[in-house]
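Listed below, chain by chain, are the residues.
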Amino acid sequence: MALEGRIPPKHVDVCIHAGDLTEESKLEEFRTTIVLLRRINAPLKLVIAGNHDFTLDTPIFRKKLQAIKPPLEPKLVKKVYGEFEEASQLLLDDKKHGIHLLNEGTHDFTLQNGGRLRVYASPYTPSLGDWGFQYHPSQGRDFAIEDGTDVVVTHGPPRGVLDRTDSRERAGCPFLFAAVARVRPQIHGFGHIHEGWGAKMVA
């Protein structure tokens, strides 16, 4: 932050955040992320949820609360995590700063230069855990990416691409790989596997 104000902010057309906006899905973490997103010099900021953002997955959030015995004090839950849907509403209410929280599916945008951008988004990842936006690996998921999609943004990686864990196992989704390989978008942005960070040119 010491350099802030000295270096002119670089303008970009689109900024993409591929999920895990927070570490523990706390309301204060969402507020911090929103402040950071506002500072990015881009007219269009596309964000999706990740498994750590479990309060954005209301059914899972309710299920997690119901599983805690004895039940947590409602006032404490509200103070730390907010009301149901409050975190998502914070993001949805921030479109004046160009922030768009994308649900799973196809989204079309017109850029300031007149260009059109078709984006497919999905926060879902395969897991046996009880975090947000997850599905059982053996059941798979239908990633309905439409033809003509320019950019795919998912929280998790496709199988075999930047998806190796610390134990060198592949953690990506084969169903996602098949969907992306069929449509062949110009860019596929994802995260989730922290140790698999980076970028890769693929054919």
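Our subject is the structure listed above.
By convention here, each chain's residues receive numbers from 1 onward along its written sequence. Residues qualify for local features only when their pLDDT is at least 70, as the model is predicted, and side-chain atom pairs are given and counted only at 80 or more; totals for whole chains, interfaces and linings, by contrast, use all residues. Hydrogens and water are ignored here; the side-chain numbers use all heavy atoms of the structure.

What follows concerns the pattern of salt bridges. One side-chain nitrogen of Lys or Arg within 4 Å of one carboxyl oxygen of Asp or Glu is enough to make a salt bridge. Going through the model one piece at a time under the given rule, you end up with 10 salt bridges. Residues Glu104 and Arg141 are paired through a salt bridge, measuring 2.8 Å at the closest nitrogen-oxygen approach. Here Arg141 lies in the loop between strand E7 (134–135) and strand E8 (151–154) and Glu104 lies in the loop between strand E3 (99–101) and strand E4 (105–110), a separation of 37 residues in the sequence. A relative accessible area of 26% means that Arg141 is categorised as partly exposed. A run of H or I in DSSP becomes a helix once it reaches four residues, and a run of E becomes a strand once it reaches two; helices and strands are each numbered from the N terminus. Three exposure classes are used, based on accessible area relative to the maximum for each residue type with a 1.4 Å probe and protein chains only: buried under 20%, partly exposed in between, and exposed over 50%.

The next point concerns the nonpolar core. One recurring pattern in soluble globular proteins is that nonpolar side chains are buried together. What we call a nonpolar core is a set of buried Ala, Val, Leu, Ile, Met, Phe, Trp, Tyr and Cys residues that are connected through their side-chain atoms within 4.5 Å. Within the largest apolar cluster, 13 residues are counted, with the highest numbers of intra-cluster contacts made by Leu21, Phe30, Val47, Leu56, Ala87, Leu91 and Ile99. Mapped onto this core, the elements with two or more residues apiece are helix H1 (27–39), helix H4 (86–92) and E3. At 4 residues, the largest contribution of residues to this core is made by H1. Only heavy atoms enter the contact rule, under which two residues are in contact if any of them lie within 4.5 Å. Excluding anything up to four places from it in sequence, Ile99 contacts Ile34, Leu37, Arg38, Lys45, Val47, Leu91 and Asp94. Within the second largest apolar cluster, 12 residues are counted, among which are Phe109, Leu117, Val151 and Val153.

Here the largest pocket is characterised by a volume of approximately 760 Å³. The rule is simple: put a 1 Å grid over the protein atoms alone, call a set of points where a 1.4 Å probe fits but cannot get out a cavity, call an open set with protein on both sides within 12 Å along at least five of seven lines a pocket, and count a residue as lining if it has an atom within 4 Å of a point. Around the largest pocket, the lining is made up of 25 residues, and of these Val161, His188, Phe190, Lys200 and Val202 lie nearest the centre. For the lining of the largest pocket, the elements supplying multiple residues, two or more each, are helix H5 (174–183) and strand E9 (187–189). Per-class residue counts for the lining of the largest pocket are 15 nonpolar, 8 polar and 2 charged. Grid points are joined across faces, edges and corners, and a volume is the space filled by probe spheres set on the points. We call Asp, Glu, Lys and Arg charged. Ala, Val, Leu, Ile, Met, Phe, Trp, Tyr, Cys and Pro are nonpolar, and the rest, Gly among them, are polar.

In this section: the side chain of Asp150. Looking at where Asp150 falls in the secondary structure, it is placed in the loop between E7 and E8. Separated by 2.7 Å, the side chain of Asp150 and the backbone nitrogen of Arg118 make a polar contact. We define a polar contact as two N or O atoms separated by no more than 3.5 Å, with the added condition that, inside protein, one atom must be a possible hydrogen donor and the other a possible acceptor, whereas residues neighbouring each other in sequence contribute only through side-chain atom pairs.

Now for the packing of aromatic side chains. The criterion for an aromatic pair is that two Phe, Tyr or Trp rings (for Trp, the six-membered ring) have centres within 6.5 Å, with stacked assigned to planes under 30 degrees apart, edge-to-face to planes over 60 apart and tilted to the rest. The final tally for this structure, using the stated rule, is 7 aromatic pairs. Relative to Tyr81, the ring of Phe54 has its centre 5.9 Å away and its plane inclined at 50 degrees; by these criteria the two rings are tilted. Of this pair, Phe54 sits in the loop between strand E2 (44–47) and helix H2 (58–67) while Tyr81 sits in helix H3 (residues 74–81), and the two are 27 residues apart along the sequence. Note on accessibility: Phe54 and Tyr81 belong to one class, buried. Ring centres of Tyr124 and Phe133 lie 5.5 Å apart, and the angle between their planes is 80 degrees; this geometry places the pair in the edge-to-face category. Chaining the aromatic ring pairs together yields one cluster made of Phe54, Phe61, Tyr81, Phe84 and Trp131. Sitting over a ring, as applied to charges here, requires NZ of Lys or CZ of Arg to be within 6 Å of the ring centre and within 35 degrees of the ring normal. A cation sits over an aromatic face here: Arg62 above Phe84, 3.8 Å from the ring centre. A cation over an aromatic ring shows up here: Lys64 above the ring of Phe54, its NZ or CZ 5.0 Å from the ring centre.

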